[in-house]
Protein chains: 2
Amino acid sequence: MKILVLGGDGFCGWPAALYLSARGHEVVIVDNLSRRNIDNELETSSLTPIRPIGERVRAWAELTGKPIGFHNINVAEQYHRLLTLIVEFEPDTIVHFAEQRAAPYSMKSSYHKRYTVNNNLNATNNLLTAVVESGVDSHIVHLGTMGVYGYGASGIAIPEGYLPIKVENGDQVIHREILYPADPGSVYHLTKTQDQLLFAFYNKNDMVRITDLHQGIVWGTQTDETLRDDRLINRFDYDGDYGTVLNRFIMQAVIGYPLTVHGSGRQTRSFINIRDSVRCVELAILTPPKKGERVRIFNQMTEAFALIDLAQMIASLTGAKIAHLPNPRKEPEANGLHVENRSLIELGLRPIKLDHGLLREISEVPKRYAANCDRSKIPGTAKW
Amino acid sequence: MKILVLGGDGFCGWPAALYLSARGHEVVIVDNLSRRNIDNELETSSLTPIRPIGERVRAWAELTGKPIGFHNINVAEQYHRLLTLIVEFEPDTIVHFAEQRAAPYSMKSSYHKRYTVNNNLNATNNLLTAVVESGVDSHIVHLGTMGVYGYGASGIAIPEGYLPIKVENGDQVIHREILYPADPGSVYHLTKTQDQLLFAFYNKNDMVRITDLHQGIVWGTQTDETLRDDRLINRFDYDGDYGTVLNRFIMQAVIGYPLTVHGSGRQTRSFINIRDSVRCVELAILTPPKKGERVRIFNQMTEAFALIDLAQMIASLTGAKIAHLPNPRKEPEANGLHVENRSLIELGLRPIKLDHGLLREISEVPKRYAANCDRSKIPGTAKW
């Protein structure tokens, strides 16, 4: 298949692009390098020494004989370059990772709230509009987030996107299936709930074929492909804005920094390993919705843990201490989280569970690159 | 009260600003004159000879001794000018009309879809962010649309924003109240459903006080205030993009053009007179939500009619013919529409019904200015 990967230089996009290329798909990356530029802004960098995108794709072609194209395009701003690329490349699938993806970053200041809304919504709308205008029947695979559902505080088990409801209407009872009511916890999550409305509209009005992957928190760093050569190494974020909780705990344990648990740690979150994430993206690509089918929504997560349980698991493996800090987020102190995730399992996903993959992850990346860690970047600074 | 009116040069914004000023409020208008610029783009103009905003506010001050301030600011793009104005003026209320408001315009081309999303969502997000950053506890009164509910095709009666639902959750039945599930019929309506998510988030996270007025289709042109002097006259749109259905029928009847009914005309819509619209805005301003109260949603409509019934009513009054044209919209041929609208009635609204106001409207504006009509602008051109 011909696959365009928007945001293909990022933490999920890069290993996904390589995974898809390795399996024989023709891959073209679009990225404006915004994630690298944000590192400059935040005065931090990936723990791992990631190479420039040009070197990355040259190394991949040299090793595998499989070229990956690259275009530096800002999807949110350079509509006509995106449209031209779609018209010329005629992708079967467009994977859409091209959004600002950190909740703390989205809440740092008014600038960051505004950047996130402007970037994420214009990127998604430009993509949908370009697919319609191009006349190319590309299947859009979007990386959403489990955060569109909120923190599970409603007590309702989380289905894969659509919730059956009953409404009393005079003497009748009406049955309907609706998008699970949104309850975002940050401006970043908010934009993903607004994306859902964009997808629903263009799907209804223009029959655009869309799969929305509501992903849990990704842990792990490397995949079989990124491990093939040091020049292909994936990024690893441990800072207070972009570092995700489990990767931060692992890093902290390795360098002897107390594991930073915000609040009680009874907040439950869903997780998925980076290797499973890239597999899920291909599973979604290989089974596109039919023309006219409603937006397909999969919950791309494999396990759920309370944060304190994760911290204790890592503490017992490594001897790290646990430090409770104030929670910067407005959220319930504790929440249940019951998530339906059958779809991707039924398509063939065999999850990598934390109790098997954790030790490998610790030795593969954080230990090897611990000397690169700037401890001053570990504390979070955004508060909301 | 000190009231900032964003979009105060427009069809609803201008009479609202005058109405509020006449009642003793201190009014400042913000507008980037985008609606006038779009007339330039579409090569059309208001049937009524509206005056430049500077002349409008000078005439008002001269007649009443009540100055209305004016700032030419693009709310979607000039964040810091908006923020500075809020900090300096400290408005009790900010009325937010500053969005592109025509469904057909939003669907004309990829440019128009993209403009509408970019303009409307950045305007709303900038406003919310600026209120939070300013520290000024302004109550935001937003002009939404009945279109967020879709075409009423779900068969569920439309409440004022929030729908009580039941969900089966294992053995339990869980009761919740949710935002009425969105089902927008154009990119314009889509942006208003996305606005709702912005409001819900900033209300939850920052306790911003918000009233969202889901307005029906406005008919009528003049108010007591705009009638005081020709220099204060309100705009009247009859073109295929911005003209609303009832005003278009009236115009067509006056100039002997067949009433253009799209499809069967069994589509039912909700309506409100312009004089009632400005009263509703003041009612919302005078009864703000308490700090911490959820977003207040009122359905700002007074009557519902099938379009064919409206056409027949006007035909029987005027002898006009009816022409059935293909429907450019993707929507059900016919729909029921049952709308709850008690809130504004309970606050004191006494609606102007169509059967009393229609003849006055015909003679007040379309007859007087019929010679200005460019018949070539009547047909709609957007199709979706």
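Each value, and the rule that gives it
Residues numbered from 1 in each chain as written. Chains lettered and ligands numbered in written order. Predicted model: local features only at pLDDT ≥ 70, side-chain atom pairs only at ≥ 80, totals over all residues. Heavy atoms only, no water. Pairing = 2+ DSSP bridges. Helix = DSSP H or I, 4+ residues; strand = E, 2+ residues; numbered from the N terminus. Axes fitted to C-alpha atoms, helices over the stretch in contact; angles between N-to-C directions. Contact = heavy atoms within 4.5 Å. pLDDT = per-residue confidence, 0-100. Disulfide = S-S within 2.5 Å. Buried < 20%, exposed > 50% of the residue type's maximum accessible area, 1.4 Å probe, protein only. Expected span 1.5 Å × (residues − 1). Polar contact = N/O pair within 3.5 Å; in protein donor to acceptor, adjacent residues only side chain to side chain.

A. Seen up close, the sheet that holds strand S3 (residues 69–71) of chain A. Residue and element names in this part refer to chain A. Across the sheet, 7 strands lie side by side as S3-S2-S1-S4-S5-S8-S12; this open sheet has parallel pairing. Both edges of this open sheet fall to S3 and strand S12 (296–300), since each of them pairs with a single strand only. Taken over all neighbouring pairs, the strand axes of this sheet differ in orientation by 20° on average, direction set aside. In the sheet, strand S2 (residues 26–30) pairs with S3 via 3 bridges, with the strands oriented parallel. Bridge pairing in S3 places Val28 opposite Gly69. Across the sheet, helix H1 (residues 13–22) touches strand S1 (2–6) and S2, and the angle it forms with S2 is around 160°.

B. Up close: the confidence of the model for chain A. Taken as a whole, chain A shows an average pLDDT of 95; of its residues, 99% reach a score of 70 or greater. For this predicted complex, the interface confidence reaches an ipTM of 0.97, while the overall pTM sits at 0.97.

C. Inspection of the side chain of B:Ser186 at higher detail. One can find B:Ser186 in the loop between strand S7 (172–179) and helix H7 (187–206). The contact partners of B:Ser186, leaving out residues within four places of it in the chain, are A:Phe201, B:Ala103, B:Ser106, B:Met107 and B:Trp384.

D. Expanded view of the sheet that holds strand S12 (residues 296–300) of chain B. Residue and element names in this part refer to chain B. With parallel pairing, 7 strands are arranged side by side in an open sheet as S3-S2-S1-S4-S5-S8-S12. Every other strand in the sheet has two partners, leaving strand S3 (69–71) and S12 as the edge strands with one partner each. Strand-to-strand twist in this sheet, taken as the mean axis angle between neighbours without regard to direction, amounts to 20°. Of the strands in this sheet, strand S1 (2–6) and strand S2 (26–30) touch helix H1 (residues 13–22), which is tilted by about 160° from S2. Along the sheet face, helix H6 (residues 110–134) touches S1, strand S4 (93–96), strand S5 (139–145) and strand S8 (210–215) and points at about 170° away from the line of S4.

E. Examining the state of the cysteines more closely. Residues and elements named next belong to chain B. Summed over the entire model, instances satisfying the criterion amount to 0 disulfides over all chains. With no disulfide of its own, Cys12 lies 11 Å from the sulfur of Cys280, the closest cysteine sulfur. Look at Cys12 and you get buried, because its relative accessible area is 13%.

F. Broad picture of H7(B). Residue and element names in this part refer to chain B. Helix length check: H7, at 20 residues, gives a terminal C-alpha distance of 28 Å against a target of 28 Å (1.5 Å per residue), a fit within 8%. Between a side-chain oxygen at the N-terminus of H7 and the backbone nitrogen of Tyr188 the separation is 3.3 Å; the capping residue is Ser186. Met207 lies just past H7 and shows a positive phi near 55°.

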